[in-house]
Amino acid sequence: DNFASPYQNMSARERLISILRTKKIKASSMPWTGAKAVCFTEWMWRSLLGHTEQYSSDGIGINKRAVYVKHGGPVYYIRPDHFERQKKSGFDKHLYPFLTPFVPTYSPKKFKEQFDGSVDYTHEREWRVPHDFPFEYKDIEFVILSDYKDMASFPQDLKDSIGREKFILMENYKLIEKLWPVHKF
């Protein structure tokens, strides 16, 4: 039973507001193991643009200590053959929420066929928490919105409770990258 059904018709903005109002991110089933977890990314600043283009310009940055204290940790990227061998010998079920397949483009054909192509999320530096993730506003390091229009229309009470200084606007970051493209390779 995946939590997504009540949220799947919501926009990214509506989901963000819902998460901030309830102060909870609900765990969902991980596609490979079926274990429930909340996923985070530890992206580097230079990959922010690509990440927001792939997912959304709406997001929350949570204090890493708060994630760790609530049983969070880095994902284990694991080859499918290692996963199968370990599963046969008694894989610890507490690790299941943290496992994700590692099938890069240079993998053997049989691995790519198993996953209908390559699977490589190592660039996201993913972290997970193996249950719903309750948080307090003090745990929020930043909130990302697309532009000033989004900031102006964002609920006043949330801006006041979180602190306007914690809001980052992607249009500002895009302008910086356009004027001083230091992160282009």
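Refer to the preceding data block for the structure.
Attention here is on the structure that accompanies the text.

Each value, and the rule that gives it
- Residues numbered from 1 in each chain as written.
- Predicted model: local features only at pLDDT ≥ 70, side-chain atom pairs only at ≥ 80, totals over all residues.
- Heavy atoms only, no water.
- Core = buried A, V, L, I, M, F, W, Y, C linked by side-chain atoms within 4.5 Å.
- Buried < 20%, exposed > 50% of the residue type's maximum accessible area, 1.4 Å probe, protein only.
- Helix = DSSP H or I, 4+ residues; strand = E, 2+ residues; numbered from the N terminus.
- Contact = heavy atoms within 4.5 Å.
- Pairing = 2+ DSSP bridges.
- Axes fitted to C-alpha atoms, helices over the stretch in contact; angles between N-to-C directions.
- Salt bridge = Lys/Arg side-chain N within 4 Å of Asp/Glu carboxyl O.

**Remarks on the nonpolar core**
Counting residues in hydrophobic clusters, the biggest one holds 24 residues, and the most contacted among them are Phe40 and Phe133. Elements supplying a minimum of two residues to this core: α1 (12-22), β3 (36-41), α3 (64-69), β8 (126-129), β10 (140-145), α7 (156-162) and β11 (167-169). Ignoring any residue separated from it by four or fewer positions in sequence, one finds Phe133 in contact with Lys23, Lys24, Ile25, Val38, Phe40, Ile62, Ala66, Val67 and Lys70.

**Focus: unusual backbone geometry**
Non-glycine residue Asp116 carries a positive phi angle of around 55 degrees. Although it is not a glycine, Arg125 sits at a positive phi angle of roughly 50 degrees. Tracing the backbone through its elements, the reader meets Arg125 in the loop between α5 (109-114) and β8. Exposure remark for Arg125: the relative accessible area of 35% places this residue in the partly exposed category.

**Notes on the pairing of β10**
Side-chain direction in a regular strand flips from residue to residue, so the side chains alternate between the two faces of the sheet. Pairing geometry for strand β4 (residues 59-62) and β10, over 4 bridges, is antiparallel. Looking across to β10, one finds that Gly61 is bridged to Phe142. With 3 bridges joining them, β10 and β11 adopt parallel strand pairing. Counterpart to Leu145 in the pairing with β11 is Leu169.

**Things to note about the sheet that holds β4**
With mixed pairing, 3 strands are arranged side by side in an open sheet as β4-β10-β11. Every interior strand has two partners, whereas the edge strands, β4 and β11, have only one. Taking the axes of each pair of neighbouring strands and ignoring which way they run, one obtains an average angle of 25 degrees across the sheet. Set on the sheet, α1 makes contact with β4 and β10; between it and β10 the angle comes to about 155 degrees. Together, β10 and β11 form the strand contacts of helix α8 (residues 170-179), whose direction differs from that of β11 by roughly 50 degrees.

**Description of the environment of Phe167**
If you trace the backbone, Phe167 turns up in strand β11. What makes Phe167 buried here is its relative accessible area of 10%. When the C-alpha atoms of Phe167 and Gly59 are compared, they prove to be 10.0 Å apart, with 108 residues separating the residues in sequence. Setting aside residues up to four positions removed in sequence, Phe167 forms contacts with Val143, Leu145, Met151, Phe154, Lys159 and Ile162.

**Examining the pattern of salt bridges**
A full pass over the atoms with the stated rule returns 12 salt bridges. Across the pair Arg13 and Asp150 runs a salt bridge whose closest N-O atoms are separated by 3.0 Å. Here Arg13 is found in helix α1, whereas its partner Asp150 is found in helix α6 (residues 148-153), with 137 residues between them in sequence. An identical accessibility class is assigned to Arg13 and Asp150; each is buried. The salt bridge involving Lys23 is made with Glu136; its shortest N-O contact spans 3.6 Å. Here Lys23 is found in the loop between α1 and β1 (24-25), whereas its partner Glu136 is found in the loop between β9 (133-134) and β10, with 113 residues between them in sequence. Note on Lys23: relative accessible area 27%, which makes it partly exposed. Several salt bridges converge on common partners, so that one network encompasses Arg13, Asp58 and Asp150.

Interpretation note: all reported values are geometric properties and have no functional meaning in isolation.
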